[in-house]
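Structural features, examined
Listed here are the chains, written in short residue letters.
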Amino acid sequence: MKDKILAPSILTADFGNLAQQIRYVELGGANWIHCDIMDGQFVPNITFGPFVLKAIRKSTKLPIDAHLMIKSPDNLLEEFINAGANYVTVHQEEVVHLHRTLTKIKELGAKAGVALNPATPVSTLKEVLPLVDMILVMSVNPGFGGQKFIESSIAKIAELDSLRAENNYHYLIQVDGGIGMDNIKRVSEAGCNSFVIGNSIFKHDNITAATVEFKNLLS
Ligand code: DX5
Ligand code: ZN
């Protein structure tokens, strides 16, 4: 069975003490650090770019999972990978030449991911399923942390899990948005491998304890 990867999203972390917040999730056993990159164009929020990701790179040895919620992501692939991103995920809705973009991410030495917004069907990825390293199922509409989990995401995860099994594809399935103690088991049973969690960890009064609790739920 594929690993169950816990990827805390720092979107709702205390940016005034980011290195310390990352330490807290590391102590709790986090596997990756999920960085939400937003440009205020593709999504109605702005976060940070390669410059801050480079600083995050210096403060952790964990793999960095860069979720690019930006217009024209092709223009910044090299910068994010040179800044230290290990996984780079672009949005299907935003990339015209998806096969070329995924190939470029891999040629630049990172793992290539593609994200599907809640309204985007799995069928749009049919031709790139053999190529892609990770598929991110958005279980909220992108742009903000702390939103409510969209239940239809579970069927999408199960569909991707069946396609992977039937065709022996290698991609990881990732979920992102509204994940908490109440739904993580169901999402895991549907076939998800990587779990992005923001508010349920960073808004908890003990970040390390919350991380440990999620790791236990995934074991
Ligand atoms: C939303 C981001 C998610 C978000 C998850 O656009 O992609 O990573 O930060 O945060 P929670 O777990 O708070 O929904
Ligand atoms: Zn994200």
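Above this note sits the structure.
In what follows, the accompanying structure is described.

Here is what the cut-offs are and how they apply
Residues numbered from 1 in each chain as written. Chains lettered and ligands numbered in written order. Predicted model: local features only at pLDDT ≥ 70, side-chain atom pairs only at ≥ 80, totals over all residues. Heavy atoms only, no water. Buried < 20%, exposed > 50% of the residue type's maximum accessible area, 1.4 Å probe, protein only. Helix = DSSP H or I, 4+ residues; strand = E, 2+ residues; numbered from the N terminus. Arc of directions from axis to C-beta. Contact = heavy atoms within 4.5 Å. Near = heavy atom within 4 Å. Polar contact = N/O pair within 3.5 Å; in protein donor to acceptor, adjacent residues only side chain to side chain. Areas by Shrake-Rupley, 256 points an atom, 1.4 Å probe, with all protein chains shown as cover. 1 Å grid on protein atoms, 1.4 Å probe; cavity = no way out; pocket = protein on both sides within 12 Å on 5 of 7 lines; lining within 4 Å. Sits in = over half its atoms within 2 Å of the grid points. Pairing = 2+ DSSP bridges. Right-handed = clockwise from strand over helix to strand, strands pointing away.

Turning next to helix H2 (residues 50–59). Inspection of H2 places Leu 53, Ile 56 and Ser 59 among the buried residues, and these make up the whole buried set. What you see down the axis of H2 is that its buried residues fit within an arc of 115°, all on one side. In H2, the exposed positions that point more than 90 degrees away from the buried face belong to Phe 51 and Lys 58. Among the structural elements, helix H1 (18–27), strand S2 (33–38), strand S3 (64–69) and helix H3 (77–83) are those in contact with the buried residues of H2.

Time to look at the site of ligand 1. Contacts to ligand 1 come from 20 residues, most closely from Asp 36, Gly 143, Asp 176, Gly 178 and Gly 198. Gly 143 places a polar main-chain atom, nitrogen or oxygen, 2.7 Å from an oxygen atom of ligand 1. One nitrogen or oxygen atom from the main chain of Asn 199 is found 2.8 Å from an oxygen atom belonging to ligand 1. Protein contacts shield 99% of the accessible area of ligand 1, which totals 390 Å² for the unbound molecule. Counting atoms within 2 Å of the grid points, the majority share of ligand 1 lands in the largest pocket.

Let us look at the pairing of strand S6 (residues 134–138). In terms of burial, S6 is largely enclosed, as 5 of its 5 residues are buried. Side chains Met 134, Leu 136 and Met 138 of S6 all project onto a buried face; the interleaved residues Ile 135 and Val 137 project onto the opposite face, where all are buried too. Two elements, S6 and strand S7 (residues 172–176), share 5 bridges in a ladder whose sense is parallel. Its bridge partner being in S7, Leu 136 is matched across the sheet by Gln 174. With helix H5 (residues 153–167) bridging S6 and its parallel neighbour S7, the resulting β-α-β unit is right-handed.

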